[in-house]
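# Reading the structure
For reference, the chains in residue letters:
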Amino acid sequence: MSSSFSLDRSGPASINGLIHDEERLQALRRYDILDTAPEPAFDRITRLAAHLFDAPVALVSFVNRDRQWFKSTVGIDEQEIGLDTSLCVYTLEKGDVLA
């Protein structure tokens, strides 16, 4: 991923529509999960994913209107990142598997 990638909120309607989709954001608010404490069930899932895919980093994350928040992490210490540096946003924008 290029370090020059940034989320252009005036760019393609598809990525902006997905990130800013009010129905998706309302569902995220209903779950009331953002900024909650760690939970063993999520941590087990994250550790299992890292193990199964032999990956140094694994995350359970939620994409809000302006950030990606991590409910559980393996291999990084951050709890959130801005969408301008989000790998998820980059993947969605590309519309294909990252290689």
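From a predicted model like this one, the values you see are computed outputs, not experimental measurements.

The two faces of a sheet get side chains in turn, since along a regular strand they alternate between them. For strand 2 (residues 67–74), the buried fraction is high: six of the eight residues fall into the buried class. Two elements, strand 1 (residues 58–63) and strand 2, share six bridges in a ladder whose sense is antiparallel. The residue bridging Val60 from the neighbouring strand is Ser72, located in strand 2. Hairpin connection between strand 1 and strand 2: a loop of three residues separates the two successive antiparallel strands. Pairing analysis gives three bridges linking strand 2 to strand 3 (residues 80–82), with the strands arranged antiparallel. Opposite Gln68, over in strand 3, you have Ile81 as the bridge partner. Between strand 2 and strand 3, which pair antiparallel and follow one another directly, the connecting turn spans five residues, one of which, Gly75, has a positive phi of 90°.

In the Ramachandran plot, Asp32 falls in the positive-phi region, its phi being about 50° despite a non-glycine side chain. Within the fold, Asp32 resides in the loop between helix 2 (22–31) and helix 3 (40–52). Asp32 gets classed as exposed once you look at its relative accessible area, which sits at 60%. At Asp54, a position not held by glycine, the phi torsion is positive, near 50°. The topology assignment puts Asp54 in the loop between helix 3 and strand 1.

Here is what the cut-offs are and how they apply
- Residues numbered from 1 in each chain as written.
- Predicted model: local features only at pLDDT ≥ 70, side-chain atom pairs only at ≥ 80, totals over all residues.
- Heavy atoms only, no water.
- Buried < 20%, exposed > 50% of the residue type's maximum accessible area, 1.4 Å probe, protein only.
- Helix = DSSP H or I, 4+ residues; strand = E, 2+ residues; numbered from the N terminus.
- Pairing = 2+ DSSP bridges.

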